[in-house]
Amino acid sequence: MFNIPLFPEQASGFAGRVDNLYFFITAVTAFFAVLVVVLVFVFATKYRRRHADQVGVPVHGALALEITWTLIPLVLAMVMFVWGASVYFALAKPPSDTMEIYTVGKRWMWKFQHVTGQREINELHVPVNKPVKLIIGSEDVIHSVYVPAFRVKMDAVPGRTTTLWFTATKPGRYHLFCTEYCGMKHSGMVGWVTVMEPQAFQTWLAGGPASGNMLEAGQKLFTDLACVTCHRDDSGGRGPSLKGLFGTTVRLQTGASVKADENYLRESIMSPQAKIVEGYQPLMPTFQGLVSEEQLMQLLAYIKSIGPTGTAAPTATTAAPAGQPAAQPAAAGAPATP
Amino acid sequence: MDTATAAPRVDYLENGHTWQSWLLTRDHKRIALLYLFGVTFFFAVGGLFALMVRLELLTPLGDLFEAETYNKLFTMHGVAMVFFFLIPAVPAVLGNFLVPIMIGAKDLAFPRVNLLSWYVYMVGGLFTMGAVILGGVDTGWTFYTPYSTAASNTHVIMTGLGVFISGFSSILTGFNFIVTIHKMRAPGMTWFRLPLFIWAHYATALIMILGTPVVAIAIVLVALERTLHIGIFDPTLGGDPVLYQHLFWFYSHPAVYVMVLPAMGVISELIAAGARKEIFGYKFVAFSSLGIALIGFFVWGHHMYVSSQSIFAGLIFSVLTYLVAVPSAVKVFNWTATLYKGSISYDAPMIYAFGFLGLFLIGGLTGLFLGAMGLDVHVHDTYFVVAHFHYVMVGGTIMAYLGGLHYWWPKISGRLYPEGWARFAALVIFVGFNLTFFPQFLLGYMGMPRRYHMYPEEWQVLNVLSTAGASILGTGYLLPMIYFTWSWRKGPKATANPWGATGLEWTIPSPPPTENFIETPIVTAPAYDYAHQEEHVA
């Protein structure tokens, strides 16, 4: 009670960057606040009304002054804009070697699923000094993942997949909050992020109640939902092959192209008619209501894993080398579609 | 004006004492008083909810109210304060009373439409109050989807209907102001002789007309989605919940300027009269109002940096947000420069104006933190934002509104209020306000999310300070209500121009006659022409 914190802990790679920007803006704004307050005090004292019918000395204005106090704030504002944008870019662009954790917000809990199968509720364990990417969905309304010590936040939006990444830099336990109002127990939709030393994290992963690898679960769904009958490994299926698809650019029937990211995969499962791959027919039914948010996450994890050299089912085709757009074989297979 | 012409120079308060003479009046001054009654009622209601919210937050545990009750309290606080107090307060009370007088007109262009706008406002208020009595609403004043459309089982539609209806009152007022300012200026009252209060109200009226229909549409869509599941916001039907945020903030960000621009207009008047000097850089202040109104329409996405909005969109909104900050800074610098070589009074209206400068300064400057995308990610939806917008909307708007009420009270009521109490109240409000909201910046930067019924206990001390401040602030707001009520009946009579100020409103008796001007005035000088005031008066 008497230990009154006034500043949040810095426990991620972003914390220092965000705080530096905060200190910069604090310094600039404090300067102007003090300047104005001092001037108001000085003028109000020096030029106080001394007799009842005294009027002020007429001063119309001064163009040079107006230009000065328009341009200086404008320049400072632009510095803040660029600085703020550069921090935002860093927040928005995860590196390629992140550890992915699938996150689902549901009134009023956070569900985390590690690729290796561990599931957690309102608790998230991550290793220190390792970039972690949360792939976030929502089962009902909008929520928002927020870890103040990391200075990161991202909404969980129903019908979309969003991402957030961070590198925790200090072992410890940190608050996790839902910051988008979501109803009755919004303030109870809280938890803890536990940052562990790599060794301890490995031990935790091994000891946790693993409920089956996400990729295996995803592959099982891929078979059970009969995705596999159309999305074959070769290019002869009624749907495009999904091998090596993730991260590539897909050409659509409309002539437009789209990056195959998590949101594209989600949309293609939930609203398959929205974007038709060039050369294919709009035959796929929607899986809206047939797969839960968590199953969808498993499917995403699986589809992302079936790269050309991936762990997926054995394949006879000599797939395109990694990096080459997978859309090309799909387009080439067009004539084969019924 | 059939009764008014019968006896010239009957002051507007004496012109009829029946209920009909008030409820069917077409006199803009009486309608302003009807609005004064309305907004004061909603301010009291909203304030009561705020008090309960602060009481709950005295302790980290949610031990005073149930979570559901707490959620309804902060929602209804926001709805009552934003839609039924802050948006109408300055324009509908002070604007209604002063716009015609300041430009030398006998009334607004459409007196019946003006009366209609009050009824529309009150009917909207009744719907919203009805929703409160029936059990309230818990969506937050922002009504975000899909919570408002698919999850909340409270009175969303009824509350929304109230907001929807009252929006029309705003549109009608804006329309009336624009036509009046264009068509009814007295001979010689050119655009650049207009008091800055009029410029600010003109800019405000533009926002009211262009923005309000959009929030009305957004609310209708929420109601349709809730009842008929049309699928515009529901992703399972191909809709997009984030679309609602775009529609909502397209109005609700400019709405902040509906609250602040007229307040800035008031401050220009208070400072000019308090320094007995023309406003430094009149044209810059005038055009900065229009600049704010215009750019203010294109910054809404800065509420959505973490909503999954694209990075590119975020960049555009961020740069425009910084651009809109500049004209506000220009105004503050010009007001400060106006004090230079002035004849500065320490009368109550000027004390409120000083208070406004201090609070609006903090409110405006903390906006710069929120415009920076990478920093906003951290403080978005925390108490930092809560503190920021209270500094702008409460610190700024209410200080100006109260300052204006004090400044024009002798004109409105024909009576004086106790000066010492008025200065004391301004001080109490200033201290109470800072104690309430400054700790919230610290809480916000540490990460305390807004709309939280419970919070981690390490944040209790700052929350206790905030609640203590709120009780001081509440007392501060009660004081003017008490002494104005006293003054209305028993205050000493005011002269026509107790401040020795310029402006047409001070050339007519206090309180003014129903027709304002017995003869249409002819304007020969710019606003705030204190240097030649004696010549004009003599």
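The rules behind these values
- Numbers given for residues are sequential positions, taken from 1 along each chain in its written order.
- Going through the entries in the order they are written, you letter the chains from A and number the ligands from 1.
- This being a predicted model, a pLDDT of at least 70 is required before a residue's local features are given, and a value of 80 or more before pairs of side-chain atoms are given or counted; all residues contribute to the totals for chains, interfaces and linings.
- Under the DSSP-based scheme used, a helix requires at least four consecutive residues in state H or I and a strand at least two consecutive residues in state E, with every element numbered from the N terminus.
- Think of it as a crowd count around each C-beta: if 20 or more other C-beta atoms lie within 10 Å the residue is buried, if 12 or fewer it is exposed, and in between it is partly exposed, with C-beta placed from the backbone throughout.
- This entry defines residue contacts through backbone-placed C-beta atoms, with two residues in contact when those atoms are within 7 Å.
- Our radius of gyration is a C-alpha quantity, and the globule rule it is checked against amounts to 2.2 Å times the number of residues to the power 0.38.
- For two strands to be treated as a pair, DSSP must find no fewer than two bridges joining them.
- The predictor's confidence in any single residue is recorded as pLDDT, a number from 0 to 100.
- Axes here mean lines fitted to C-alpha atoms, for a helix over just the part in contact, with angles spanning 0 to 180 degrees between N-to-C directions.
- Angle categories are assigned with fixed cut-offs, so that under 35 degrees is roughly parallel, over 145 is roughly antiparallel, 65 to 115 is roughly perpendicular, and the rest are oblique.
- For a crossing to be left-handed, the near helix must be turned anticlockwise from the far one by less than a right angle; the clockwise case is right-handed.
- Just so you know the grouping, Ala, Val, Leu, Ile, Met, Phe, Trp, Tyr, Cys and Pro go in nonpolar, Asp, Glu, Lys and Arg go in charged, and all remaining residues, Gly too, go in polar.
- What fixes the domain bounds is an automatic or database domain assignment.
- The span you would expect from a helix comes to 1.5 Å times its residue count less one.
- A residue's bend is given by the angle between axes fitted to the 7 residues ending at it and the 7 residues starting at it.

### Topic: the overall build of chain A
Secondary structure summary: chain A contains eight helices and twelve strands in total. Buried positions account for 38% of the 338 residues belonging to chain A. Within chain A, counting contacts between residues at least 6 apart in sequence, those at least 24 apart form 69% of the total.

### Concerning the overall build of chain B
Helix and strand counts for chain B stand at 16 helices and zero strands. For 538 residues, the compact-globule estimate of 2.2 N^0.38 gives 24 Å, and the C-alpha radius of gyration of chain B, at 23 Å, lies within 12% of that figure. For the C-alpha atoms alone, the extent of chain B along its principal axes is close to 70 × 45 × 45 Å. A buried classification covers 64% of the 538 residues belonging to chain B. Residue pairs in contact within chain B that sit at least 24 positions apart in sequence constitute 84% of those at least 6 positions apart.

### Here's the deal with the pairing of strand β7 (residues 152–156) of chain A
Residues and elements named next belong to chain A. Of all the five residues making up β7, five are buried; the element is thus mostly covered by neighbouring parts of the structure. Where burial is concerned, the two faces of β7 agree: the one with V152, M154 and A156 and the one with K153 and D155 are both buried. Across five bridges, the pairing between strand β6 (residues 143–147) and β7 is antiparallel. By the bridge assignment, V145 is partnered in β7 with M154. Taken together, β6 and the strand that follows it, β7, pair antiparallel across an intervening segment of four residues, in which R151 is found at a positive phi of about 60 degrees.

### As for the confidence of the model for chain B
Residue and element names in this part refer to chain B. On average, residues of chain B score 94 in pLDDT, and 97% of them reach the 70 mark or higher. Ignoring residues within four places in sequence, the model shows residues 1–7, a span with pLDDT below 50, making six contacts including any to other chains. ipTM for the predicted complex: 0.93, alongside a pTM of 0.91.

### A word on the packing of helix α3 (residues 67–103) of chain B against helix α7 (residues 196–228) of chain B
All names here are of chain B. Between α3 and α7, whose axes approach to 10 Å, the crossing angle comes to 125 degrees. The orientation of α3 relative to α7 falls into the category oblique. Viewed along their axes, α3 and α7 form a crossing whose handedness is left-handed. Contact residues: P91, G95, L98, V99, M102 and I103 in α3; F197, I198, H201 and T204 in α7. For the contact of α3 with α7, a count of residues per class yields seven nonpolar, three polar and no charged.

### Re unusual backbone geometry
Looking along the chain, the bond that leaves A:R107 and enters A:W108 is cis, with omega of -5 degrees. Within the secondary structure, A:W108 is located in the loop between β1 (99–106) and β2 (109–114). At B:K341, a residue that is not glycine, the phi angle is positive and equals roughly 60 degrees. Owing to 16 C-beta atoms within 10 Å, B:K341 belongs among the partly exposed residues under this scheme. Of note, the phi angle at B:R451 is positive, near 60 degrees, even though the residue is not glycine. With respect to the element layout, B:R451 can be found in the loop between α14 (419–446) and α15 (460–490).

### A short note on the interface of chain B and chain A
Residue-level contacts link 83 residues of chain B with 78 residues of chain A. Looking at the side of chain B that touches chain A, its residues break down into 49 nonpolar, 25 polar and nine charged.

### Description of the sheet that holds β6(A)
All names here are of chain A. Read from one edge to the other, the open sheet built from five strands follows the order β4-β10-β9-β6-β7, with strand pairing classed as mixed. Whereas interior strands pair on both sides, the edge strands pair on one side only; in this sheet they are β4 (123–127) and β7. The average undirected angle you get between the axes of adjacent strands in this sheet is 25 degrees. Bridging between β4 and strand β10 (residues 191–196) involves five bridges; their strand directions are parallel. Bridged to V126 within β10 is V195. Packing against the sheet, helix α3 (residues 198–207) makes contact with β4 and β10, and its axis sits at approximately 130 degrees to β4.

### Comments concerning the domain arrangement of chain A
Size of an interface, as often reported, equals the accessible area lost when the parts are brought together. All names here are of chain A. When the domains of chain A are assigned, the result is domain 1 (7–43 + 63–212) and domain 2 (214–336). In this assembly, 13 residues from domain 1 lie in contact with 13 residues from domain 2. Of all the elements in the fold, those that place two or more residues in the side of domain 1 that touches domain 2 are β1, β2 and β5 (131–138). Across the side of domain 1 that touches domain 2, the residue classes tally to four nonpolar, six polar and three charged.

### Concerning the packing of helix α6 (residues 156–183) of chain B against α7(B)
Residue and element names in this part refer to chain B. At a closest axis distance of 8 Å, the pairing of α6 and α7 adopts a crossing angle of 155 degrees. Our classification of the angle between α6 and α7 gives roughly antiparallel. Considering the relative orientation of α6 and α7, their crossing is left-handed. A per-class count over the contact of α6 with α7 returns 20 nonpolar, seven polar and one charged.

### Quick look at helix α11 (residues 348–371) of chain B
If you check α11(B), its first and last C-alpha atoms are 34 Å apart, about what 24 residues at 1.5 Å a residue would give, namely 34 Å. With 24 of 24 residues buried, α11(B) is to be regarded as a mostly interior element.

### Observations concerning the sheet that holds strand β8 (residues 162–167) of chain A
Residues and elements named next belong to chain A. The five strands are arranged β3-β2-β1-β5-β8 in an open sheet whose pairing can be described as mixed. Two strands in the sheet have a free side with no partner beyond their single neighbour: β3 (119–121) and β8. Averaged over neighbouring strand pairs, the angle between their axes works out to 25 degrees when direction is ignored.

### Remarks on the environment of A:I72
Looking at where A:I72 falls in the secondary structure, it is placed in helix α2 (residues 63–92). Sequence-wise, A:I72 and A:P240 are 168 residues apart; in three dimensions their C-alpha atoms are separated by 56 Å.

### Focus on the pairing of β8(A)
All names here are of chain A. Within β8, five of the six residues are buried, which leaves it mostly tucked inside the rest of the structure. Pairing analysis gives six bridges linking β5 to β8, with the strands arranged antiparallel. Bridge pairing links I136 to T162 in β8.

### Regarding the environment of B:F197
Residues and elements named next belong to chain B. Relative to the elements of secondary structure, F197 occurs in helix α7. Once the C-alpha coordinates of F197 and M454 are considered, the two residues, 257 residues apart in sequence, prove to be 43 Å apart. Ignoring any residue separated from it by four or fewer positions in sequence, one finds F197 in contact with L98, M102, G265, V266, S268 and E269.

### Structural notes on α7(B)
Residue and element names in this part refer to chain B. Over its 33 residues, α7 runs 47 Å from end to end, which matches the ideal 48 Å to within 8%, given 1.5 Å per residue. Most pronounced at G211, the bend in α7 amounts to some 30 degrees, and the proline P213 follows within four residues. At the C-terminal side of α7, H229 shows a positive phi close to 50 degrees.

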